Amino acid sequence: MEFRSGSQIREDFLRFFEGKGHRRVHSASLVPANDPTLLFTNAGMNQFKDVFLGAERRDYSRATTSQKCVRAGGKHNDLENVGFTRRHHTFFEMLGNFSFGDYFKKDAIAYAWELLTSKEWFGIDPAKLYVTIFEGDAAVPLDSEGLAGLARRFITTSGARLLRILRRISRFHRMSSGTLRFGIWCSCSSIARAMEC
């Protein structure tokens with residue numbers, strides 16, 4: 001994988017999703033104009049909240065953004081870690097791709113895998129990737145169909161590793177496996193690259 005600057009990574013990400021029919025949407029304000037529940041924009045999806053809730057319609061069904069974010073408290077409060085690790089920041093850009101009822105997990109997984117592993121894009125060696133799947137519980141069962149498709153299509157043929165995550169450890173706790181450290185959100189799947197720490 002060749003070195004890319006932050007600007008190159010951002011542009012490649014946005015161009016990739018534009019090529020998949022997504023509209024490039026500019027970063028919203030750091031201070032949300034019409035959302036009294038937020039002091040600052042703290043996630044890429046904030047500007048689409050009303051679209052997801054069905055209160056607003058846009059003239060596109062796919063979007064890609066590089067959203068400027070501030071995290072300074074609340075649910076995502078990691079201020080005590082700022083300055084002590086290389087991955088905790090209060091101001092950052094969050095790259096995102098969004099579908100408003102147009103595509104779902106199957107396509108989202110395929111897009112992510114192509115972006116990360118294709119030589120044309122980021123070219124990350126799949127053997128350095130860890131894929132996490134929420135193992136399910138009484139409230140949210142394991143998506144065995146999605147897991148089987150993901151494992152069959154990407155993981156078993158590439159050398160990537162699959163980890164099943166339990167709910168009790170899936171609330172952004174840092175996981176360790178040798179030099180791998182990353183966070184997991186609830187019942188979502190994620191892809192992490194093993195990095196030297």
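Here the structure is shown first, and the text comes after it.
Throughout what follows, the structure given in this document is the object of discussion. The model shown is predicted, which means the values in this text are computed figures rather than measured ones.

**Details of the overall build of the protein**
Then step 1. Tallying secondary structure elements over the protein gives four helices and eight strands in all.
Then step 2. Along the chain direction, N to C, the helices and strands of the protein fall in the order α-β-α-β-β-α-β-α-β-β-β-β.
Then step 3. Counting only residues that meet the buried cut, the protein has 37% of its 197 residues in that class.
Then step 4. Contacts in the protein between residues at least 24 apart in sequence constitute 63% of all its contacts with a sequence separation of at least 6.

**Describing the sheet that holds strand E3 (residues 91-99)**
Then step 1. Pairing in this open sheet of three strands is mixed, and the strands run E1-E2-E3 from one edge to the other. Both edges of this open sheet fall to strand E1 (23-25) and E3, since each of them pairs with a single strand only. If you compare each strand with its neighbour and ignore which way they point, the axes differ by 20° on average.
Then step 2. In this sheet, strand E2 (residues 62-70) lies alongside E1 in parallel orientation, the contact comprising three bridges. Across the sheet, the residue bridging to valine 25 is threonine 65, located in E2.

**A closer look at the packing of aromatic side chains**
Then step 1. Across all of its chains, the model carries 10 aromatic pairs by this definition.
Then step 2. Taking the centre distance of 4.9 Å and the plane angle of 85° together, the rings of phenylalanine 16 and phenylalanine 17 count as edge-to-face. Assigned by exposure class, phenylalanine 16 and phenylalanine 17 land together as buried.
Then step 3. Between phenylalanine 17 and tyrosine 111, the ring centres sit 6.2 Å apart and the planes meet at 85°, which makes this aromatic pair edge-to-face. Here tyrosine 111 lies in helix H3 (residues 105-117) and phenylalanine 17 lies in helix H1 (residues 6-18), a separation of 94 residues in the sequence.
Then step 4. The exposure class of phenylalanine 17 is buried, given its relative accessible area of 2%.
Then step 5. Accessibility expressed as a relative area gives 12% for tyrosine 111, which makes it buried.
Then step 6. One aromatic cluster in this structure is built from Phe13, Phe16, Phe17, Tyr103, Tyr111 and Trp121.

**Examining the pattern of salt bridges**
Then step 1. The final tally for this structure, using the stated rule, is 10 salt bridges.
Then step 2. Here the residues in one salt-bridge network are Arg4, Asp12 and Arg15, joined through shared partners.

**A word on the pairing of E2**
Then step 1. Among the nine residues that make up E2, eight are buried, leaving the element largely enclosed by the rest of the structure.
Then step 2. Bridging between E2 and E3 involves nine bridges; their strand directions are antiparallel. Residue glutamine 67 lies in a different strand from E3, and its bridge partner there is methionine 94.

**Considerations on the side chain of serine 66**
Then step 1. Within the secondary structure, serine 66 sits in strand E2.
Then step 2. Only 2.8 Å separates the side chain of serine 66 from the side chain of glutamate 93, close enough to count as a polar contact.
Then step 3. Here serine 66 is in contact with Arg10, Leu14, Ser27, Glu93, Met94 and Leu95, once residues within four sequence places are set aside.

**Examining the nonpolar core**
Then step 1. With 15 residues, the main nonpolar core has Phe13, Phe16, Phe17, Tyr111, Leu115, Phe122 and Ile124 as its most contacted residues.
Then step 2. For this core, the secondary-structure elements that each account for two or more residues are H1, H3 and strand E4 (129-134).
Then step 3. When near neighbours in sequence (up to four residues on either side) are disregarded, leucine 115 contacts Phe13, Phe16, Phe17, Trp121, Phe122 and Gly123.
Then step 4. One finds Phe48, Val51, Tyr60 and Phe98 within the second-largest nonpolar core, a separate group that totals seven residues.

What counts and what doesn't
- Residues numbered from 1 in each chain as written.
- Predicted model: local features only at pLDDT ≥ 70, side-chain atom pairs only at ≥ 80, totals over all residues.
- Heavy atoms only, no water.
- Helix = DSSP H or I, 4+ residues; strand = E, 2+ residues; numbered from the N terminus.
- Buried < 20%, exposed > 50% of the residue type's maximum accessible area, 1.4 Å probe, protein only.
- Contact = heavy atoms within 4.5 Å.
- Pairing = 2+ DSSP bridges.
- Axes fitted to C-alpha atoms, helices over the stretch in contact; angles between N-to-C directions.
- Phe/Tyr/Trp six-rings, centres within 6.5 Å; stacked < 30°, edge-to-face > 60°.
- Salt bridge = Lys/Arg side-chain N within 4 Å of Asp/Glu carboxyl O.
- Polar contact = N/O pair within 3.5 Å; in protein donor to acceptor, adjacent residues only side chain to side chain.
- Core = buried A, V, L, I, M, F, W, Y, C linked by side-chain atoms within 4.5 Å.

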